[in-house]
Amino acid sequence: KHCDLLIAADCTAFTAGGFHPELLRGKKLVIACPKLDETEGYLEKLTELIKTSTLASLTVAVMEVPCCSGLYQLAREAVRLSGVKIELEKITIGLGGGVIQRQTEQV
């Protein structure tokens, strides 16, 4: 409740050397892999989490690989279905481990 939530592709923590101090500090964490996880039920669970948690902020961290875009789309759809108006930040981690893009949108 009333927290900053980070939804991260599991490989981001291994790739980004500054994952803990730069991305995770002060946030609660949900971690998933849209390519390798069995994602059935993720949309419903994430929608309910967003709907009931009164989030202060929502950030999604993904890698710059095509399979990771599914995690951001999942989070975006969950926000839409929840009916909660919140700013959604997407942080893209490059293959070299650094942040290569940050974008924010009101969903």
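In what follows, the structure referred to is the one given above.
A brief report on the enclosed structure follows. Bear in mind that the values here come from a model prediction, so they are computed numbers and not experimental data.

## A closer look at the sheet that holds strand β1 (residues 4-9)
In step 1: A sheet is described by the order of its strands in space; here five strands give the open sequence β2-β1-β3-β4-β5, paired in mixed fashion. Looking at the sheet topology across the chains shown, the edges are occupied by β2 (27-32) and β5 (99-106). On average, adjacent strands in this sheet sit at an angle of 20° to one another, irrespective of strand direction.
In step 2: Docked against the sheet, helix α4 (residues 69-82) engages β1, β2, β3 (57-63), β4 (87-93) and β5, running at close to 160° with respect to β3.

## Describing the state of the cysteines
In step 1: With the rule as written, the count across this model stands at zero disulfides.
In step 2: With no disulfide of its own, Cys11 has Cys68 as its nearest cysteine by sulfur position, at a separation of 4.4 Å.
In step 3: Assessed through its relative accessible area of 28%, Cys11 is described here as partly exposed.
In step 4: With no disulfide of its own, Cys33 lies 6.1 Å from the sulfur of Cys67, the closest cysteine sulfur.
In step 5: Exposure remark for Cys33: the relative accessible area of 10% places this residue in the buried category.

## Some details on the pattern of salt bridges
In step 1: Under the counting rule described, the total for this entry stands at three salt bridges.
In step 2: Of the charged contacts, one joins Glu77 and Arg80 as a salt bridge, the two residues approaching to 2.5 Å between their closest N and O atoms. Separated by three residues within a single helix, Glu77 and Arg80 lie in helix α4, roughly one turn from each other.
In step 3: Glu77 sits in the partly exposed class, given a relative accessible area of 29%.
In step 4: One salt bridge connects Arg102 with Glu89, and the closest N-O pair in it is separated by 3.0 Å. Of this pair, Arg102 sits in strand β5 while Glu89 sits in strand β4, and the two are 13 residues apart along the sequence.
In step 5: By relative accessible area, Arg102 is classed as partly exposed at 48%.

## Topic: helix α3 (residues 42-53)
In step 1: When the terminal C-alpha atoms of α3 are compared, their 16 Å separation across twelve residues agrees well with the 16 Å that a helix rising 1.5 Å per residue should span.
In step 2: For α3, the full list of buried residues reads Leu46, Thr47, Ile50 and Ser53. Within α3, the buried residues cover an arc of 155° as seen down the axis, which keeps them to one side. Structural note: α3 exposes Glu44 and Lys45 on the side pointing more than 90 degrees away from its buried face.
In step 3: In this structure, the buried residues of α3 make contact with β1, β3 and α4.

## Side note on the pairing of β4
In step 1: With five of its seven residues buried, β4 lies for the most part within the structure.
In step 2: Pairing of β3 with β4 involves six bridges; the strand directions are parallel. What sits directly across from Val62, in β4, is Thr92.
In step 3: On the question of chirality, the crossover connecting β3 to the parallel β4 by way of α4 is right-handed.

The rules we used
- Residues numbered from 1 in each chain as written.
- Predicted model: local features only at pLDDT ≥ 70, side-chain atom pairs only at ≥ 80, totals over all residues.
- Heavy atoms only, no water.
- Pairing = 2+ DSSP bridges.
- Helix = DSSP H or I, 4+ residues; strand = E, 2+ residues; numbered from the N terminus.
- Axes fitted to C-alpha atoms, helices over the stretch in contact; angles between N-to-C directions.
- Contact = heavy atoms within 4.5 Å.
- Disulfide = S-S within 2.5 Å.
- Buried < 20%, exposed > 50% of the residue type's maximum accessible area, 1.4 Å probe, protein only.
- Salt bridge = Lys/Arg side-chain N within 4 Å of Asp/Glu carboxyl O.
- Expected span 1.5 Å × (residues − 1).
- Arc of directions from axis to C-beta.
- Right-handed = clockwise from strand over helix to strand, strands pointing away.

These figures capture arrangement, not role.
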